[in-house]
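Summary of structural features
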Amino acid sequence: MATNRGPFTTHHLPLTTHNAPMLPTVVQVQGFRSETHDTFTLALDPPARPITPYSFLPGQFNMLYRFGVGEVAISLSGDPAESGLLIHTIRAVGSVTRGLARLRPGDAIGIRGPFGSSWPLEAARGGDVVLVSGGIGLPPLRPVLYHLLRYRDEYGRVVLLYGARTPADLLYREELQAWRTRGDFQVLLTVDSADTSWRESIGLVTALFTHADFDPKRTVGMMCGPEIMMRFTVREFEKRGVAADRVYVSLERNMQCAVGFCGHCQFGPNFVCMDGPVFCYDRIKTFFDVREA
Ligand SMILES: Cc1cc2nc3c(=O)[nH]c(=O)nc-3n(C[C@H](O)[C@H](O)[C@H](O)COP(=O)(O)OP(=O)(O)OC[C@H]3O[C@@H](n4cnc5c(N)ncnc54)[C@H](O)[C@@H]3O)c2cc1C
Ligand code: FES
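These numbers come from a predicted model, not from an experiment.

Quick look at the overall build of the protein chain now. Looking only at helices and strands, the protein chain has 7 helices and 15 strands in total. A globule of 293 residues ought to have a C-alpha radius of gyration of about 19 Å, and the protein chain, at 18 Å, matches this closely. With the C-alpha coordinates aligned to their principal axes, the bounding extent of the protein chain is approximately 45 × 40 × 40 Å. With 293 residues in all, the protein chain has 54% of them scored as buried. A fraction of 72% describes how many contacts in the protein chain between residues 6 or more apart in sequence connect residues 24 or more apart.

Below is the structure:
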């Protein structure tokens, strides 16, 4: 659970915090914001909890239920230290996410959560932090950025490597710019393709490692994005000398129950909904190279 100095554990919340974990609570959409041509952000009222106010740890996710269509896992992408609206950034790829894209303020939505493990902010404290994200992999890491920037003096160098398909696909562009201008935080961007107005890198996110300034011996790496990107990123961390037990990945698997009942999200001996989605690479590397282990 969050402490007064911010969220630190890597464990999922105990199920006792969910009175009925399979039952969505109906809440209202308070905000809709278009981020790119296929990606949008929903701001939702938190479920009313009579005893404990809603809180989450960076890396955790909710199950969002679009009535009449279905339910999907979506990471919390807002600031974990702010107790207001629950922020989710979503790419419309299929029936449920397209249904979510049609929601507007005042509409009702079902929500269950928060579920899953969190990023290792405690293990990272005192050292450098390198975050690597591709495409829709940035939203699950954004709560980490909010935390690192809030407690900036408790961490060493902070680096964000972020890749998207084109400049128009970059998420949170104003925030990226604001983070850059702070001067205490290295933000490196790349895209697959761009016209001549693009002044930054073109190519794979892993190529940005050449410009990243961090000390491998005291670095914790965190990554989220397509699995192929994460496989290459893991190798890049290895090449730079970051130990496997200091590298963390967030995995996506098909979620149904999100509470360890159905087995849909099995990954080797793990259930991604309960043991993940954030895993220490050292713990899962045997299965990581096997697609849909
Ligand atoms: C723990 C966790 C956290 C997640 N967090 C987020 C998040 O913050 N934001 C977000 O947008 N998504 C997130 N996802 C992915 C999201 O759950 C899926 O995109 C969603 O389930 C797709 O459901 P659908 O019914 O819209 O599409 P489906 O009908 O299930 O799929 C339609 C098509 O899209 C493809 N597809 C499915 N998922 C993806 C994907 N992620 N990327 C590209 N193509 C895909 C399918 O292969 C299929 O071809 C997360 C998933 C997990 C497990
Ligand atoms: S989604 Fe059912 S066990 Fe993980």
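With respect to the secondary-structure elements, Arg33 resides in strand E1 (residues 25–34). Apart from residues lying up to four places away in sequence, Arg33 is in contact with Phe40 and Thr41. Within the structure, Arg33 has its side chain in polar contact with the side chain of Glu35 (distance 3.3 Å).

Let us look at the sheet that holds strand E6 (residues 108–115). Reading across from one edge, E4-E3-E6-E1-E2-E5 is the order of the 6 strands in this open sheet, with antiparallel pairing throughout. What marks the edges here is a single partner per strand, and that holds for strand E4 (70–75) and strand E5 (86–91). This sheet shows a mean twist of 40 degrees between the axes of neighbouring strands, independent of strand direction.

Definitions and limits used
Counting of residues starts from 1 at the beginning of each chain's written sequence and follows it residue by residue. Going through the entries in the order they are written, you letter the chains from A and number the ligands from 1. At least 70 in pLDDT is required for a residue's local features to be given in this predicted model, at least 80 for side-chain atom pairs to be given and counted, and no such filter applies to totals for whole chains, interfaces and linings, which use all residues. As a convention, hydrogens and water are excluded, and side-chain values are obtained from all of the structure's heavy atoms. Only DSSP runs of H or I with at least four residues qualify as helices, and only runs of E with at least two residues qualify as strands; both kinds are numbered from the N terminus onward. All radius of gyration figures rest on C-alpha atoms, and the globule criterion is 2.2 Å times the number of residues raised to 0.38. Three labels apply to residues, based on accessible area from a 1.4 Å probe with only protein chains included: buried if under 20% of the type maximum, exposed if over 50%, partly exposed otherwise in between. Contacts are residue-level and defined by heavy atoms, with any inter-residue pair within 4.5 Å sufficient. Polar contact criterion, stated in full: a pair of N or O atoms within 3.5 Å, where within protein one must be able to donate a hydrogen and the other to accept it, and residues adjacent in sequence count only if both atoms are side-chain atoms. Strand pairing requires that DSSP identify at least two bridges connecting the strands. Between N-to-C directions, angles span 0 to 180 degrees; the directions come from axes that are lines fitted to C-alpha atoms, helices contributing only their stretch in contact.

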